[in-house]
Amino acid sequence: MTYIEPAPITDKENPLASMMQRFDKAVQLLGISEEMYHILKVPRKQVIVGLPVTMDNGEIRTFEGYRVIHSTILGPSKGGIRFDPAVNLDEVRALAAWMTWKCAVVDIPYGGAKGGIACNPRQMSAGEIERLMRAYTTAMLDVFGPDQDIPAPDMGTGPREMAWLMDEYSKAKGMTVQAVVTGKPLVLGGSLGRTEATGRGVMVTALAGMEKLRLNPYKATAAVQGFGNVGSHAASLLRERGVCIQAISDISGAYYNQGGIDIEAAIAYRDRNNGMLEGFQGAEMIAPEELFSLPVDVLVPAAKEDVITHHNVANIQAKMIVEGANGPTSFRADDIINEKGIMVVPDILANAGGVTVSYFEWVQNRIGYKWTLERINRRTDRIMKDSFNKVYQTAQQYQVPLRIAAYIVAIDKVASTYKYRGGY
Ligand code: NAD
């Protein structure tokens, strides 16, 4: 079975390059020295492993796995493990840095990391995936650890894979070590509230932004791209707080109802329909691209990267964009967005609710006590609201958009911590 690289889309911007351009801008504004720039940019550790795995047909296939620890200045590193044919060291390196800034912006005591294995889980049996995950865990025994580096799910992995990781790591240590990984099934020490945490953070930061723009949620309208974990929870929680969700979309198309979509009905329909909105009757279908040009107050891209670009940004009428997805807005769209006066709550802030509840999972595992959902939600809301306020104040202080302000908050925190800790 050979994997064929898809043809490159030449007009596409690379979200990771977009991240670096914004990082560079924030570094300049902060007046960071050349030497500190390199300390912040160069990852601490990059591990590449070869993983021979017996496939169901008896053949042995060797996969390549990666783990990049970008920073441990603020604490143990944290970041997901991605199973995807396109995974490579460059991508993992950039995503690890992204995690450093995300954890720093919400002020949780973690550095950033990311891992990945170049494989296609859709073409592998559960047994093959399990053996691969266990082989990867064994190869990373010296890297992972509750006080060193704490993985989590990412694209192509979920609670099932995290359970195998925890089990393999625990066997090697001769005791159950729940805190080595987050995103576990609830019975294995997973946290209540994790599933909806990212959507919840999107809701909290959206409401905080609306307050600044003096938008009354009970009179506001929104459109949400993507109706998976992040998009559907964000839509449902915004609806609960009064916002009229006029449009939603998924891979099957976009759905519009001027009077507001019944989000709970849409979720129930999707869950009965193989996870897709296709055929949903509570709205009329519109062209997917039209969702971005609707005259709504709030636009929530919560599907994939690079969907708001210099090609379509001129059509956006929303007053606010809240980035549920990672990297949905390309660097080249930033200037036009700013000229139009649209407030953007950037991804490293808006979707950090997920990593915040992952942190709570780790804390609960370490103290050996389970918090109630009410406590988790209250603490998540406080962290997200405080982080929004910090970023908002920084934006005013430096006279920059929230996106650059978020990078300033994060970079300043990591750089000043490094100065206290010192090097060699
Ligand atoms: P998901 O797989 O649960 O859902 C993705 C949704 O997007 C699906 O409804 C899919 O049909 C839809 N989609 C895909 N391509 C589309 C397109 N071209 N147009 C419209 N819809 C499309 O994924 P998720 O966990 O909700 O993640 C969404 C985004 O949020 C990703 O960028 C992810 O990296 C980011 N994110 C997720 C979390 C988390 O906790 N799940 C945390 C931080 C960031």
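Use the structure listed above.
Rules used in this analysis
- Residues numbered from 1 in each chain as written.
- Predicted model: local features only at pLDDT ≥ 70, side-chain atom pairs only at ≥ 80, totals over all residues.
- Heavy atoms only, no water.
- Near = heavy atom within 4 Å.
- Polar contact = N/O pair within 3.5 Å; in protein donor to acceptor, adjacent residues only side chain to side chain.
- Areas by Shrake-Rupley, 256 points an atom, 1.4 Å probe, with all protein chains shown as cover.
- Helix = DSSP H or I, 4+ residues; strand = E, 2+ residues; numbered from the N terminus.
- Nonpolar A, V, L, I, M, F, W, Y, C, P; charged D, E, K, R; others polar.
- Pairing = 2+ DSSP bridges.
- Axes fitted to C-alpha atoms, helices over the stretch in contact; angles between N-to-C directions.
- Buried < 20%, exposed > 50% of the residue type's maximum accessible area, 1.4 Å probe, protein only.
- Right-handed = clockwise from strand over helix to strand, strands pointing away.

Comments concerning the site of the ligand
(1) Moving on: Thr-198, Phe-227, Asn-229, Val-230 and Ile-251 are the nearest of the 18 residues found near the ligand.
(2) Moving on: Between the ligand and Asn-229 there is a distance of 2.9 Å, counted from an oxygen atom to a backbone nitrogen or oxygen.
(3) Moving on: Val-230 is positioned such that a nitrogen or oxygen atom in its backbone is 2.9 Å from an oxygen atom of the ligand.
(4) Moving on: A total of 830 Å² of accessible area belongs to the ligand in isolation, and the protein chains cover 69% of it.
(5) Moving on: Listing elements by their share of the shell around the ligand, those giving two or more residues are α6 (194-212), α7 (229-240) and β7 (244-250).
(6) Moving on: By residue class, the composition of the shell around the ligand is 6 nonpolar, 9 polar and 3 charged.

What about the sheet that holds strand β1 (residues 45-54)?
(1) Moving on: The strand order across the open sheet formed by 5 strands is β1-β2-β4-β3-β5, and the pairing between neighbours is mixed. Edge positions in the sheet fall to β1 and β5 (149-153), since each has one partner strand and no second. Neighbouring strand axes in the sheet, compared pairwise and without regard to direction, differ in orientation by 20° on average.

Details of the pairing of strand β3 (residues 77-83)
(1) Moving on: With 7 of 7 residues buried, β3 lies mostly within the body of the structure.
(2) Moving on: Each parallel crossover has a hand, and for β3 linked through helix α3 (residues 89-105) to strand β4 (residues 111-117) it is right-handed.
(3) Moving on: As paired strands, β3 and β5 are joined by 5 bridges and run parallel to one another. Pairing of Lys-78 across the sheet is with Ile-150, part of β5.

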